[in-house]
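# Topology and contacts: notes
Chain by chain, the residues:
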Amino acid sequence: MAKRALITGVTGQDGAYLAQLLLNKGYEVHGLVRRSSHAGVDDHRLRWLGIGGAVRIIDGNLLDLSSIARAIQNSAPDEVYNLAAQSFVATSWQQPLLTGEITGLGAVNVLEAVRLMKPDARVYQASSSEMFGRIQEAVQSEATPFYPRSPYAVAKLYAHWMTVNYRESFGLHASCGILFNHESPLRGSEFVTRKVTDGVARIKLGLAGELRLGNIDAKRDWGHARDYVDAMWRMLQEDEPDNYVIATGRSVTVRDMCRVAFEHVGLDPDAHVVIDPALFRPAEVDVLIGDPAKAKRKLGWAATTSLEEMITEMVDADLARLKAAA
Ligand code: GDR
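Keep in mind it's a predicted model, so treat the numbers as computed, not measured. (Residues numbered from 1 in each chain as written. Predicted model: local features only at pLDDT ≥ 70, side-chain atom pairs only at ≥ 80, totals over all residues.)

### A look at the overall build of the protein chain
- When helices and strands are counted, the protein chain shows eleven helices and 13 strands.
- In terms of principal-axis extent, the alpha carbons of the protein chain reach across some 55 × 45 × 40 Å.
- Within the protein chain, the proportion of its 326 residues that are buried is 48%.
- Excluding contacts between residues fewer than 6 apart, the proportion of contacts in the protein chain whose partners are at least 24 apart in sequence is 80%. (Helix = DSSP H or I, 4+ residues; strand = E, 2+ residues; numbered from the N terminus. Buried ≥ 20, exposed ≤ 12 C-beta atoms within 10 Å, placed from the backbone. Contact = placed C-beta atoms within 7 Å.)

Here it is, written out as structure tokens:
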């Protein structure tokens, strides 16, 4: 019989790539979706990947335990992936309570629903490199102490430890992937890589003249979301649940990432990038660089896409999208 998976956040970047991966492996894929009265279900990412009708959509909300419990009862999943969150760090200072509810308590609703309805289901919790925050060690591994620097990161840390706690208290097969930044053409345009690739494409096509950015000295360890969802799946195939850092091991400034995008289309970033102090964050995570050695050793996982390959793929996708819309 086909394995069954339930993905929260299935209409987001990671949810869409994970759904595609699982469908290709023969899973029956269910997706928990927060339907809105004006827009219905925003499944454009699923359609972009050619899996529009293939995911079984279940209405639900991370804030409503009963809706998650019903989703688990009805889909009877072997694997549950909790990818839903208020995931934009900058917004978390404007909406700290909502971020805490969705990103922090929402994860506990998922854990509770699994414990109550299907305790043998395996659980993946989307933990974040933002939990490392103000860096305690030059390269971050599973053993590095956390120091969250935003309401988002604090909420993720709570969800992370609750997942560990449910593993230890109730024996749930619940794993945490501490994922470093991961991007793709399906990334939301509020995140810096996609903001840059979309902006570069607009400038190239004469639709915009400048690109406004905040702190371009920040450094991030950027990988491709398609690679990273494979790591999520691998974690749940292990006999024992655990925590894993998923990263490339290379860190690049926003400035240099930007340069890759501009130079791909023959433009000079210095002629178009405008630094906007309003886009700086109240507290910044200056540099992140992950050590994926454990994931390599135990899961046989490694990133396969370079930053340059990913950014050029994203610029090309944005150029194609904007030309098609013209
Ligand atoms: P991040 O991603 O906060 O690392 O979290 P984001 O792309 O938003 O920021 C990366 C870095 O770029 C700097 N920056 C800007 N960021 C945005 N969004 N817009 C700008 O104009 C801009 N200018 C400079 C930021 O200050 C920051 O240093 C992402 C999210 O996906 C989280 O949900 C996830 O947990 C982590 O990655 C891993």
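### Comments concerning the confidence of the model for the protein chain
- Per-chain confidence: the protein chain averages 97 in pLDDT, with 100% of residues scoring 70 or above.
- Predicted confidence in the protein chain is weakest over strand β3 (residues 56-59), with a mean pLDDT of 96, and strongest over strand β4 (residues 79-82), with 99.
- Two numbers describe this predicted complex: its pTM, 0.98, and its ipTM, 0.99. (pLDDT = per-residue confidence, 0-100.)

### So, the packing of helix α7 (residues 192-204) against helix α11 (residues 307-325)
- At a closest axis distance of 8 Å, the pairing of α7 and α11 adopts a crossing angle of 50°. In terms of orientation, α7 and α11 fall into the oblique class. The handedness of the crossing between α7 and α11 is right-handed. Across the interface between the two elements, Thr193, Arg194, Thr197, Asp198, Val200, Ala201, Arg202 and Lys204 from α7 touch Ile311, Met314, Val315, Asp318, Leu319 and Leu322 from α11.
- Its residues assigned to classes, the contact of α7 with α11 shows seven nonpolar, two polar and five charged. (Axes fitted to C-alpha atoms, helices over the stretch in contact; angles between N-to-C directions. Parallel < 35°, antiparallel > 145°, perpendicular 65-115°, else oblique. Left-handed = near helix turned anticlockwise from the far one by under 90°. Nonpolar A, V, L, I, M, F, W, Y, C, P; charged D, E, K, R; others polar.)

### Looking at the environment of valine 164
- Here valine 164 shows up in helix α6 (residues 151-170).
- For valine 164, a count of 18 C-beta atoms within 10 Å corresponds to the partly exposed category.
- The spatial distance from the C-alpha of valine 164 to the C-alpha of lysine 294 is 18 Å, given a sequence separation of 130 residues.

### Observations regarding the domain arrangement of the protein chain
- Partitioning the protein chain into domains gives domain 1 (4-182 + 224-246) and domain 2 (188-220 + 251-284 + 306-325).
- Placing a centre on the C-alpha atoms of domain 1 and another on those of domain 2 gives a separation of 27 Å.
- If you look at the interface, domain 1 gives eight residues, while domain 2 gives seven residues. (Domains from an automatic or database assignment.)

### As for the sheet that holds β3
- Spatial ordering of the open sheet is given by β3-β2-β1-β4-β5-β6-β11, a layout of seven strands whose pairing is parallel. Of all strands in the sheet, those with a lone pairing partner are β3 and β11 (243-246), marking the two edges. When the angles between neighbouring strand axes are averaged without regard to direction, this sheet yields 20°.
- Judged from the four bridges that link them, β4 and strand β5 (residues 122-128) form a sheet pairing that is parallel. Its bridge partner being in β5, asparagine 82 is matched across the sheet by glutamine 125.
- Contacting β1 (4-8), β4, β5 and β6 (173-179), helix α5 (residues 96-117) runs over the sheet at an angle of about 170° to β4. (Pairing = 2+ DSSP bridges.)

### Focus on the nonpolar core
- Residues Ile7, Ala19, Leu111, Val114, Ala231 and Ile246 are the most contacted members of the largest nonpolar core, which totals 70 residues.
- Leu211, Leu213, Phe262 and Met310 belong to the second-largest nonpolar core, a separate cluster that totals 20 residues. (Core = buried A, V, L, I, M, F, W, Y, C linked by C-beta atoms within 7 Å.)

### Some words on helix α1 (residues 13-24)
- A rise of 1.5 Å per residue sets the reference length of α1, with its twelve residues, at 16 Å; its end C-alpha atoms lie 17 Å apart and thus fit the reference within 8%.
- Taking burial as the measure, the twelve residues of α1 include nine buried ones, the bulk of the element.
- Every buried residue belonging to α1 is among Gln13, Asp14, Gly15, Ala16, Tyr17, Leu18, Ala19, Gln20 and Leu22, and all of these are buried.
- Elements in contact with the buried residues of α1: β1, β2 (28-33), α2 (44-48), β4 and α8 (225-237).
- In the segment just after α1, glycine 26 is the residue with positive phi, at about 90°. (Expected span 1.5 Å × (residues − 1).)

### Section: the site of the ligand
- Residues in close proximity to the ligand total 24 residues, the closest being Ser87, Ser128, Val192, Gly214 and Ala218.
- Here the shell around the ligand is composed, by residue class, of twelve nonpolar, six polar and six charged.
- Mapped onto the domain boundaries, the shell around the ligand takes at least three residues apiece from domain 1 (4-182 + 224-246) and domain 2 (188-220 + 251-284 + 306-325). (Near = placed C-beta within 6 Å.)

### Overview of unusual backbone geometry
- Residues other than glycine seldom take positive phi values, yet alanine 76 does so here, at roughly 40°.
- Checked against the element boundaries, alanine 76 lands in the loop between α3 (65-75) and β4.
- Residue alanine 76 is classed as partly exposed on the basis of its C-beta count, with 13 C-beta atoms lying within 10 Å.

### Looking at the environment of glycine 52
- Here glycine 52 lies in the loop between α2 and β3.
- Counting along the chain gives 261 residues from glycine 52 to glutamate 313, while the straight-line C-alpha distance between them is 22 Å.
- Once you skip the residues sitting within four places of it in the chain, glycine 52 turns out to touch Asp43, Leu46 and Arg47.

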